[in-house]
Amino acid sequence: MNTKKIEEYKQFYHNTLLNDIVPFWEKSDLIDKKYGGFISSVDREGKSYNSDKSVWFQGRCLWTFSKLCNLYGKKPEWVEAAKSGAEFIKKYCIDTDGRMFFVVTCDGKPLRKRRYFFSESFLVVGFAEYSQVTGNPEDLALAEKYFDLMYRIYKNPESDPFKITPKENAAVRSLHSNAYPMVLVSSAQTLQRISGKKDYYEKIIREIIKDMITLHYKEEYKCVLENVFPDGSILDNPTGRTINPGHCIENSWFLMNHAAKTGDKELLNKALNILNWSLEIGWDKEYGGVYYFRDLFNRPCEQLEHDMKLWWVHCECLISTLTAYKLTGDEKYFEEFEKIHEYTFSHFSDKEYGEWYGYLHRDGTVSHTQKGSLWKGPYHLPRCLMLCELILNSFLSGEELPELL
């Protein structure tokens, strides 16, 4: 281990977070002073171009400002931002059936709702982290309530109070998506750390990880598939052949995080396999960077954006490679980290206005100049910078891998 390099990276990530990324969002139109909550759709300079509010980002920004408070101290502006998001969620983002909306207007009127429970998953992690800021057990109780809702729907889709998909559709073709266990595991790990109900969440985490490995982890193909039949068999069409390297790599550090906490060497080996396979499949050997989608058999991808380079994918690569290096000491992971770091900060960073572009063409040129949208905002990047700083600091202190979720 090169201690000087580790120290330099730690300081770089710390300074990037607190002197570039966070100030950009604080000065932007993100925090809605009139109605509360967050407007994540901002242009290159941070000015709003769409006042509709992503419900994902109400929970995600709540997590980010709460985590900043919990790691770096309760700056009044961070506490106020988190409080604004929490109150907006409770007042406007939950429908009468208990499920959450996907998009609302700036003043909280519902626009769209979707059957998947990703909005709920960001409420869970957001309010769990926020409860550490407020010390209010009601905030933690809300997070636990919505985790239980997610888990119940996952186990029994018929229990979903939001009825949208006709039963006959599922009878024709039912698929199991890896995105559901992914958000369940990360949410459960957060609650396990914060709630004190370690045994309860451990049982659920083990169960969900078993689903991931049994159904989606394909050792014979050296990949993890995004969508499979309920018995884990492969649907031979573009949906069934889809590999999402970013999701796989994000999942790998969720699994490594749990393996480190529990001492599960078998799980660690599988998590490392997922990381290794996904980097091999995903890395663009001509232009650099990680593809958005790949096809299992190298057939045509239906996603028109399949060869683009997205900011969040590279954030997850940085966390995962550093985590793997910390847990194994294998220098190849630090080499991968440095390769991804060089690509990422030379292509996504906006040196003039700050923050990152989110979307690049395959050759690394900028596709979209906005800094935020209904899908991009202050979550993946600040999370990456915070967690990488924690991991890098653990090298310098000689401590074990910190809990990442």
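Refer to the structure presented above.
Trainee: Tell me about the pattern of salt bridges, and name the residues and values.
Mentor: Taken as a whole and assessed by the stated rule, the structure comprises 31 salt bridges. Between Lys5 and Glu338 there is a salt bridge whose closest N-O contact spans 3.2 Å. One end of the pair, Lys5, is in helix α1 (residues 3-27); the other, Glu338, is in helix α12 (residues 331-347), and 333 residues separate them in sequence. The salt bridge involving Glu45 is made with Lys47; its shortest N-O contact spans 3.3 Å. Here Lys47 falls in the partly exposed class, since its relative accessible area comes to 45%.

Trainee: Lay out the layout of surface pockets with the relevant residues and their values.
Mentor: For the second largest pocket, the calculated volume is near 230 Å³. Around the second largest pocket sit 17 residues that line it, and Ala260, Lys261, Leu327, Glu400 and Leu401 are the ones nearest its centre. Breaking the lining of the second largest pocket down by element, the ones donating at least two residues are α9 (245-262), α10 (265-282) and α11 (311-328). The leading source of residues in the lining of the second largest pocket is α9, at 5 residues. Here the residues of the lining of the second largest pocket are counted per class, giving 7 nonpolar, 3 polar and 7 charged.

Trainee: A description of the side chain of Ser119 should follow, citing residues and the corresponding values.
Mentor: Here Ser119 is to be found in helix α4 (residues 118-134). Ser119 sits in the buried class, given a relative accessible area of 4%. A polar contact of 3.0 Å, which involves the side chain of Ser119, links it to the backbone oxygen of Phe101. Beyond its immediate chain neighbours, meaning those up to four positions away, Ser119 contacts Val55, Trp56, Met100, Phe101 and Phe102.

Trainee: Quick rundown of helix α8 (residues 198-216)? Include the residues and the values.
Mentor: Helix length check: α8, at 19 residues, gives a terminal C-alpha distance of 26 Å against a target of 27 Å (1.5 Å per residue), a fit within 8%. Turning to α8, its buried residues are Tyr201, Glu202, Ile204, Ile205, Glu207, Ile208, Ile209, Met212, Ile213, Leu215 and His216.

Trainee: Tell me about the sheet that holds strand β3 (residues 110-112), residues and numbers included.
Mentor: Read from one edge of the open sheet, 3 strands run β1-β2-β3, paired in antiparallel fashion. Each having just a single partner strand, β1 (53-54) and β3 make up the two edges of the open sheet. Inspection of the sheet shows strand β2 (residues 103-104) paired to β3 by 2 bridges, in the antiparallel sense. Paired with Val103 across the strands is Arg112, a residue of β3.

Trainee: Explain the sheet that holds strand β10 (residues 309-310) residue by residue, including any values.
Mentor: With antiparallel pairing, the 3 strands of this open sheet are ordered in space as β10-β11-β12. Each edge of the open sheet carries a strand with a single partner, namely β10 and β12 (366-368). In the sheet, strand β11 (residues 359-360) pairs with β12 via 2 bridges, with the strands oriented antiparallel. Directly across from Tyr359, in β12, lies its bridge partner His368.

Trainee: Talk me through empty space enclosed by the protein; I want residue IDs and the actual numbers.
Mentor: Taken as a whole and judged by the stated rule, the model has 2 cavities of 30 Å³ or more. Taken as a whole, the largest cavity encloses approximately 70 Å³ of empty space. Every residue along the wall of the largest cavity is listed here: Asn178, Met212, Ile213, His216, Tyr217, Val224, Cys248, Asn251, Leu255 and Ile274. When contributions to the lining of the largest cavity are tallied by element, the ones reaching two or more residues are α8 and α9. Estimated volume of the second largest cavity: approximately 40 Å³. If you list the elements that add at least two residues to the lining of the second largest cavity, you get α1 and α2 (55-72). Among the residues forming the lining of the second largest cavity, the class breakdown is 7 nonpolar, 1 polar and no charged.

Trainee: Now, about the packing of helix α5 (residues 137-155) against helix α7 (residues 179-195): what can you tell me, with residues and values included?
Mentor: Contact pair α5 / α7: the axes reach a minimum separation of 11 Å and the direction vectors enclose 150°. By the angle between their directions, the pair α5 and α7 is classed as roughly antiparallel. For the pair α5 and α7, the crossing hand works out as left-handed. Along its contact with α5, which presents Leu140, Ala143, Glu144, Phe147, Met150, Tyr151 and Tyr154, the element α7 presents Tyr180, Pro181, Val183, Leu184, Ser187, Ala188, Leu191, Ile194 and Ser195. Grouping the constituent residues of the contact of α5 with α7 by class yields 13 nonpolar, 2 polar and 1 charged.

Trainee: Explain the packing of α4 against α7 residue by residue, including any values.
Mentor: The description of two helices packed together rests on the angle between their axes and the distance between the axes. Their axes nearest at 10 Å, the elements α4 and α7 cross at an angle of 15°. By the angle class used here, α4 and α7 are roughly parallel. As for the relative orientation of α4 and α7, their crossing is left-handed in sense. Contact residues: α4 offers Phe118, Ser121, Val124, Val125, Ala128, Glu129, Ser131 and Gln132, while α7 offers Ala179, Tyr180, Val183, Ser187, Thr190, Leu191, Arg193 and Ile194.

Trainee: Please provide a residue-by-residue account of helix α3 (residues 76-92), values included.
Mentor: Here α3 spans 24 Å end to end across 17 residues, near enough to the 24 Å set by a 1.5 Å rise per residue. All of the buried residues in α3 are Trp78, Ala81, Ala82, Ser84, Gly85, Ala86, Phe88 and Ile89. Elements in contact with the buried residues of α3: α1, β1, α2, β2 and α4.

Trainee: So what about the packing of aromatic side chains? Which residues, and what values?
Mentor: Enumeration over the complete set of coordinates arrives at 37 aromatic pairs. Geometrically, the ring pair formed by Tyr217 and Trp277 is tilted, given 5.0 Å between the ring centres and 40° between the ring planes. One end of the pair, Tyr217, is in strand β5 (residues 217-218); the other, Trp277, is in helix α10, with 60 residues separating them in the sequence. Tyr217 sits in the buried class, given a relative accessible area of 8%. Looking at Trp277, the relative accessible area reads 9%, which means it is buried. Put simply, the rings of Tyr9, Phe12, Tyr13, Trp283, Tyr325, Phe334, Phe337, Tyr343, Phe345, Phe348, Trp356 and Phe395 touch in pairs and so form one group of aromatic residues. A cation sits over an aromatic face here: Arg114 above Phe102, 4.2 Å from the ring centre. When the ring centre of Tyr291 is taken as reference, the NZ or CZ atom of Arg294 above it lies at 4.0 Å.

Reading the values: the criteria
- Residues numbered from 1 in each chain as written.
- Predicted model: local features only at pLDDT ≥ 70, side-chain atom pairs only at ≥ 80, totals over all residues.
- Heavy atoms only, no water.
- Salt bridge = Lys/Arg side-chain N within 4 Å of Asp/Glu carboxyl O.
- Helix = DSSP H or I, 4+ residues; strand = E, 2+ residues; numbered from the N terminus.
- Buried < 20%, exposed > 50% of the residue type's maximum accessible area, 1.4 Å probe, protein only.
- 1 Å grid on protein atoms, 1.4 Å probe; cavity = no way out; pocket = protein on both sides within 12 Å on 5 of 7 lines; lining within 4 Å.
- Points joined across faces, edges and corners; volume = space filled by probe spheres on them.
- Nonpolar A, V, L, I, M, F, W, Y, C, P; charged D, E, K, R; others polar.
- Polar contact = N/O pair within 3.5 Å; in protein donor to acceptor, adjacent residues only side chain to side chain.
- Contact = heavy atoms within 4.5 Å.
- Expected span 1.5 Å × (residues − 1).
- Pairing = 2+ DSSP bridges.
- Axes fitted to C-alpha atoms, helices over the stretch in contact; angles between N-to-C directions.
- Parallel < 35°, antiparallel > 145°, perpendicular 65-115°, else oblique.
- Left-handed = near helix turned anticlockwise from the far one by under 90°.
- Phe/Tyr/Trp six-rings, centres within 6.5 Å; stacked < 30°, edge-to-face > 60°.
- Lys NZ or Arg CZ within 6 Å of the ring centre and 35° of its normal.

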